[in-house]
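Read off the chains here:
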Amino acid sequence: MSAAPSANALPPYASLRDKLVHHALRAFSVAALVFLIAPVLVIVPLAFNADPYFTYPIHEYTLKWFVEFFTNETWRVSVRNSFVIALAATFIATTLGTLAAVGLMHRNLPGRALITAILVSPMIVPIVIIAVGAYFFYSTLGIANSLTGIILAHAVLGTPFVLITVSATLAGFDLSLVRAARVLGASPWTAFRRITLPIIWPGVFSGALFAFATSFDEVVVVLFLGSVEQRTIPRQMWTGLREQLSPTILAAAVVMILISVAMLLTLEALRRRNARLRGLQA
Amino acid sequence: MRMTADAATGSAAGVGIDDPAALKQRLRRAELRQRLRAYALVLPLCLFTLLTFLVPIGLMLVNSVHDPLVAEELPRSGPLLRALPAGTISPDEAVFAALAADMKDAAGNQTASRIATRLNFEYGGLRSVFMKTTRVVNRTDAGPWKPLFLEADTAWGEPRIWTVLAQTSERYTPNHLLRAVDLTHDERGAVIREPADTRIHLMVFGRTLWVSLLVTLLCLAIGYPLAYWISHLPPRTGNLVMVLVLLPFWTSLLVRTTAWVVLLQKEGVVNSLLMATGLVSEPLQMTFNRFGVVIAMTHILLPFMILPLVSVMRGIPPAYVRAARSLGASPATAFRRVYLPQSLPGISAGVLLVFILALGYYITPALLGGAGDQMMSFFIADNLSRSLNWGLASALGALLLAGVLLLYAVYERTVGITNVRLG
């Protein structure tokens with residue numbers, strides 16, 4: 001990778017056309033990055049606008065929408081539900097997903113491709129279909145309007161991410177380390193705990209982050225399976241956007257963005273650590 | 001522990017080396033044990049996926065053809081209705097009497113309204129006919145029933161009502177699936193296209209495909225050059241730029257949709273910017289139409305295009321393009337003949353992923369689109385929660401699922417699902 005020459009450093013013999021293409025590509029790319037980032041950033045200052053308008057210029061700044069977000073009973077219930085659901089779903093998804101990834105590491109397992117395809121499919125199947133099915137099934141089980149139903153549905157949405165990230169970490173995993181531990185007398189569980197887990201934990205952790213983010217962001221399942229008592233932050237935002245856009249929604253959005261940034265930075269730090277440990281350039 | 005102990009006794013007895021057959025057998029046994037252990041590790045997730053994902057979806061598929069409500073609530077008249085010859089206008093008194101007895105029961109257990117609603121899904125207007133007649137029947141103690149029905153509503157003298165009753169009193173029905181592709185039955189029970197004014201589902205499928213295609217092409221058009229640029233940056237800068245790509249990827253879907261509502265609405269940021277610079281004299285309508293849906297979906301799905309593209313492009317050795325150039329190819333030819341084919345795996349991964357994800361979009365079109373921009377998912381949700389037409393919701397879901405699974409199989413074949421890069 002380090003040998004790859006940079007497109008930014010044009011060779012001295014570059015023709016005028018080369019230069020034009022090069023600059024056009026850079027201008028286009030920067031514009032595309034602005035398109036990606038700007039919409040998210042633009043709404044951040046608006047959450048501090050004292051007037052309940054959603055545009056610039058801002059004449060006076062305030063924290064009152066954030067105070068509203070953190071003190072209003074409806075929003076507080078949503079925050080609590082969001083965290084309870086996401087944490088429980090993440091725990092289930094991470095445990096089951098990691099175990100399955102370790103099992104699927106065995107390359108010559110009959111049916112491996114089919115099992116993987118089925119286990120990853122919750123990531124691909126439209127969320128509405130999962131929500132409709134869950135609604136029918138959990139209604140017959142009597143857990144339709146409960147946190148349990150939402151947690152189970154969210155957990156299955158998160159498992160593909162855990163499976164994929166842990167499998168990716170395991171792809172570079174040297175099985176002879178486990179064999180060495182076993183030969184030296186470790187039980188399978190001890191070998192997993194002391195050898196496998198410390199090596200794959202960045203994958204487990206990023207999978208858990210993905211599972212958490214998936215649940216934390218999910219609204220369609222909550223709409224179908226939850227009553228007002230199970231409302232979450234995204235559900236409150238959805239309701240607000242459909243009825244009346246209020247500045248508190250922007251405050252909620254800013255809090256959500258901060259959480260995303262924290263997760264992204266954690267993941268990036270993990271990736272760098274991983275690359276460093278594997279002797280790649282960070 | 002046990003395996004190592006086995007190995008120790010084995011080599012002590014000399015079996016392992018002296019007897020190749022025994023060694024082979026023990027190897028096979030050890031491999032079997034390993035395989036079983038691997039299955040045991042995968043099993044919990046398989047069971048969990050089965051219970052929380054496969055069974056619910058299976059239930060939805062069953063519900064798209066299984067609708068036993070009318071069959072259960074009309075136990076006496078059901079068999080008689082099904083036995084009527086196609087095109088019957090006026091069945092005999094026995095059918096009316098059985099129907100009247102069933103209606104009395106239905107009125108007693110408050111299920112008349114549910115039956116009426118179900119009939120109405122098949123044939124608009126039957127709800128009021130059935131409810132009205134049920135009230136009349138419930139007030140009357142004894143027949144003859146036939147004149148009573150005909151007096152309550154003249155619809156009872158038309159062939160259509162008997163066809164609908166006969167069809168809905170079946171436990172398994174193709175009607176929801178037919179309705180999902182805009183087909184219905186005529187009064188004699190033959191399959192025909194729906195009247196033009198209620199023909200919406202095929203159009204919605206077409207719209208869903210079209211919007212998804214448009215979004216996918218836009219993502220490719222924006223994502224390909226950007227991914228090319230990123231993959232040719234020095235690694236350190238490239239990773240920094242990737243963080244910028246990943247930030248929107250990690251930001252909540254609802255937050256990004258909110259952002260686009262704030263940006264595009266009439267009193268929104270873009271409009272005030274345009275007005276302030278004098279580019280437009282009155283605010284542009286950019287929400288509740290196709291423009292808002294497409295631009296927001298492109299923004300939301302763009303990272304799914306960029307991630308596989310960058311990961312493939314970073315693996316393309318620069319030597320090939322250089323060789324092509326030094327052999328006399330123009331930059332355009334070198335790109336087209338050498339670079340582009342090597343980046344194809346990234347293109348197919350990104351295009352398939354974005355297209356599959358776009359097909360199921362619900363939240364963003366619902367918040368940014370108008371009535372004419374809603375996609376398949378919206379109609380599934382709407383039939384489930386507002387119209388309460390579970391059968392039709394399931395049938396539409398089954399069709400959407402079939403389309404997505406088809407593309408998923410292509411994706412599996414061409415890309416391999418575990419090769420998805422998640423940042």
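What you see is a predicted model, and the numbers here were worked out from it, not measured in a lab.

Overview of the overall build of chain B
Argument step 1. In terms of regular secondary structure, chain B is built from 21 helices and two strands.
Argument step 2. On C-alpha atoms alone, chain B measures out to a radius of gyration of 32 Å, which is more than a quarter above the 22 Å that the 2.2 N^0.38 rule sets for 423 residues.
Argument step 3. Based on the C-alpha atoms only, the size of chain B along its principal axes is roughly 95 × 90 × 40 Å.
Argument step 4. At a minimum sequence separation of 6, the contacts of chain B that also span at least 24 residues come to 69%.
Argument step 5. On chain B, roughly 19000 Å² of surface is accessible, and the fraction owed to carbon and sulfur atoms is 64%.
Argument step 6. Chain B carries 37 positive and 27 negative side-chain charges, and their two centres are separated by 15 Å.

Concerning the side chain of threonine 133 of chain B
All names here are of chain B.
Argument step 1. Relative to the helices and strands, threonine 133 is located in helix α8 (residues 126-139).
Argument step 2. Look at threonine 133 and you get buried, because its relative accessible area is 1%.
Argument step 3. A polar contact is formed between the side chain of threonine 133 and the side chain of tryptophan 156, at a distance of 2.9 Å.
Argument step 4. Apart from the residues within four sequence positions on either side, threonine 133 is in contact with Met103, Phe149, Ala152 and Trp156.

Some details on a nonpolar patch on the surface
Argument step 1. Side chains of Leu114 and Ile118 of chain A together with Leu43, Leu47, Leu50 and Leu54 of chain B sit close together on the surface and give an oily, nonpolar patch of about 510 Å² of accessible area.
Argument step 2. Elements supplying a minimum of two residues to the nonpolar patch: α4 (112-120) of chain A together with α3 (20-63) of chain B.
Argument step 3. Sort the elements by how many residues they give to the nonpolar patch and α3 of chain B lands first, with four residues.
Argument step 4. Tracing the backbone shows leucine 43 of chain B in helix α3.

Thoughts on the confidence of the model for chain A
Detailed reading of the predicted coordinates is not advisable wherever pLDDT is low.
Residues and elements named next belong to chain A.
Argument step 1. Overall, the predicted model of chain A reaches an average pLDDT of 88, with 95% of residues at or above 70.
Argument step 2. When mean pLDDT is taken per element in chain A, helix α3 (residues 73-104) scores highest with 94 and helix α11 (residues 247-277) scores lowest with 88.
Argument step 3. Within the model, pLDDT remains below 50 along residues 1-7, and this stretch shows nine contacts once partners closer than five positions in the same chain are excluded.

Brief notes about the pattern of salt bridges
Argument step 1. Considering all chains together, one arrives at 11 salt bridges over all chains under this definition.
Argument step 2. Here glutamate 268 of chain A makes a salt bridge to arginine 271 of chain A, at a shortest N to O gap of 2.8 Å. Taken together, the residues glutamate 268 of chain A and arginine 271 of chain A, both in helix α11 and three residues apart, mark about one turn of the helix.
Argument step 3. For the salt bridge of glutamate 72 of chain B with arginine 171 of chain B, the shortest nitrogen-to-oxygen distance reads 3.5 Å. Here glutamate 72 of chain B is found in helix α4 (residues 69-73), whereas its partner arginine 171 of chain B is found in the loop between α10 (159-168) and α11 (175-180), with 99 residues between them in sequence.
Argument step 4. In this structure, a network of salt bridges that share partners links the residues Glu268, Arg271 and Arg272 of chain A.

Comments concerning the nonpolar core
Argument step 1. With 179 residues, the main nonpolar core has Ile233 and Met237 of chain A together with Ile230, Trp250, Met297, Leu301 and Ile363 of chain B as its most contacted residues.
Argument step 2. With 13 residues, the single largest contributor to this core is helix α16 (residues 290-313) of chain B.
Argument step 3. Formed jointly, this core draws a minimum of three residues from each of two domains, domain 1 (2-63) and domain 3 (203-419) of chain B.
Argument step 4. Residues contacting isoleucine 233 of chain A, with those up to four places away along its chain left out, are Phe69, Trp75, Ser78, Val79, Ser82, Phe216, Ala252 and Met256 of chain A.
Argument step 5. Counting residues in each nonpolar core, the second largest holds 26 residues, with Val95, Phe96, Ala100 and Leu126 of chain B among its members.

As for the domain arrangement of chain B
Think of interface size as the accessible area that goes away when the parts come together; that is how it is often given.
All names here are of chain B.
Argument step 1. You can read the domains of chain B as domain 1 (2-63), domain 2 (69-198) and domain 3 (203-419).
Argument step 2. Placing the centre of domain 1 and that of domain 3 at their C-alpha centroids yields a distance of 42 Å.
Argument step 3. Across the domain 1 to domain 3 interface the summed buried area is about 370 Å²; carbon plus sulfur atoms make up 77%.
Argument step 4. Contact with domain 3 buries area across many residues of domain 1, yet Met60, Leu61 and Asn63 alone supply 88% of it, more than any other trio.
Argument step 5. The tally of links between domain 1 and domain 3 comes to zero residue pairs in polar contact (both at pLDDT 80 or more).

With respect to unusual backbone geometry
Argument step 1. Of note, the amide linkage connecting tyrosine 56 of chain A to proline 57 of chain A takes the cis form, showing an omega dihedral of 0°.
Argument step 2. Take proline 57 of chain A: it is sitting in the loop between α1 (16-46) and α2 (64-71).
Argument step 3. At aspartate 182 of chain B, a position not held by glycine, the phi torsion is positive, near 65°.
Argument step 4. By the secondary structure assignment, aspartate 182 of chain B is in the loop between α11 and β1 (183-185).

Considering helix α15 (residues 269-276) of chain B
Along an α-helix, a turn takes 3.6 residues, which lines up residues three or four apart on a common side.
Argument step 1. Those residues of α15 of chain B not exposed but buried are Val269, Asn271 and Leu274 of chain B.
Argument step 2. Elements in contact with the buried residues of α15 of chain B: α1 of chain A together with α14 (253-264) of chain B.
Argument step 3. Of the residues trailing α15 of chain B, glycine 278 of chain B is marked for its positive phi of about 75°.

Brief notes about the interface of chain A and chain B
Argument step 1. Between chain A and chain B, the residue contacts involve 99 residues of the former and 97 residues of the latter.
Argument step 2. For the chain A and chain B pair, buried surface summed over both sides reaches about 9000 Å², with 80% attributable to carbon and sulfur atoms.
Argument step 3. In terms of surface lost to chain B, no three residues of chain A exceed Leu36, Ile124 and Phe136 of chain A, which account for 8% of the buried area on that side.
Argument step 4. For the pair chain A and chain B, the number of links is zero salt bridges.
Argument step 5. Viewed at the interface, chain B and chain A are joined by seven residue pairs in polar contact (both at pLDDT 80 or more).
Argument step 6. Among the elements that line the side of chain A that touches chain B, the one with the most residues is α1 of chain A, at 17 residues.

Structural notes on the packing of aromatic side chains
Argument step 1. Overall, the coordinates contain 27 aromatic pairs over all chains when judged by the stated rule.
Argument step 2. Ring geometry for phenylalanine 149 of chain B and tryptophan 156 of chain B: centres 5.0 Å apart, planes at 80°, overall edge-to-face.
Argument step 3. We classify phenylalanine 149 of chain B as buried; its relative accessible area is 0%.
Argument step 4. What makes tryptophan 156 of chain B buried here is its relative accessible area of 1%.
Argument step 5. Among the aromatic residues, those joined into a cluster by ring pairs are Phe161 and Phe210 of chain A together with Phe249, Trp250 and Phe304 of chain B.
Argument step 6. Residue placement shows arginine 160 of chain B over the ring face of tyrosine 123 of chain B; its charged tip is 4.1 Å from the ring centre.

Procedures and definitions
Residues numbered from 1 in each chain as written. Chains lettered and ligands numbered in written order. Predicted model: local features only at pLDDT ≥ 70, side-chain atom pairs only at ≥ 80, totals over all residues. Heavy atoms only, no water. Helix = DSSP H or I, 4+ residues; strand = E, 2+ residues; numbered from the N terminus. Rg over C-alpha atoms; globule rule 2.2 N^0.38 Å. Contact = heavy atoms within 4.5 Å. Areas by Shrake-Rupley, 256 points an atom, 1.4 Å probe, with all protein chains shown as cover. Lys, Arg positive; Asp, Glu negative; His and termini not counted. Charge placed at Lys NZ, Arg CZ, Asp CG, Glu CD. Buried < 20%, exposed > 50% of the residue type's maximum accessible area, 1.4 Å probe, protein only. Polar contact = N/O pair within 3.5 Å; in protein donor to acceptor, adjacent residues only side chain to side chain. Patch = residues over 30% accessible without salt bridge, like charges linked within 9 Å, V, L, I, M, F, W, Y side chains within 5 Å. Salt bridge = Lys/Arg side-chain N within 4 Å of Asp/Glu carboxyl O. pLDDT = per-residue confidence, 0-100. Core = buried A, V, L, I, M, F, W, Y, C linked by side-chain atoms within 4.5 Å. Domains from an automatic or database assignment. Buried area = accessible area lost by both parts, 1.4 Å probe. Phe/Tyr/Trp six-rings, centres within 6.5 Å; stacked < 30°, edge-to-face > 60°. Lys NZ or Arg CZ within 6 Å of the ring centre and 35° of its normal.

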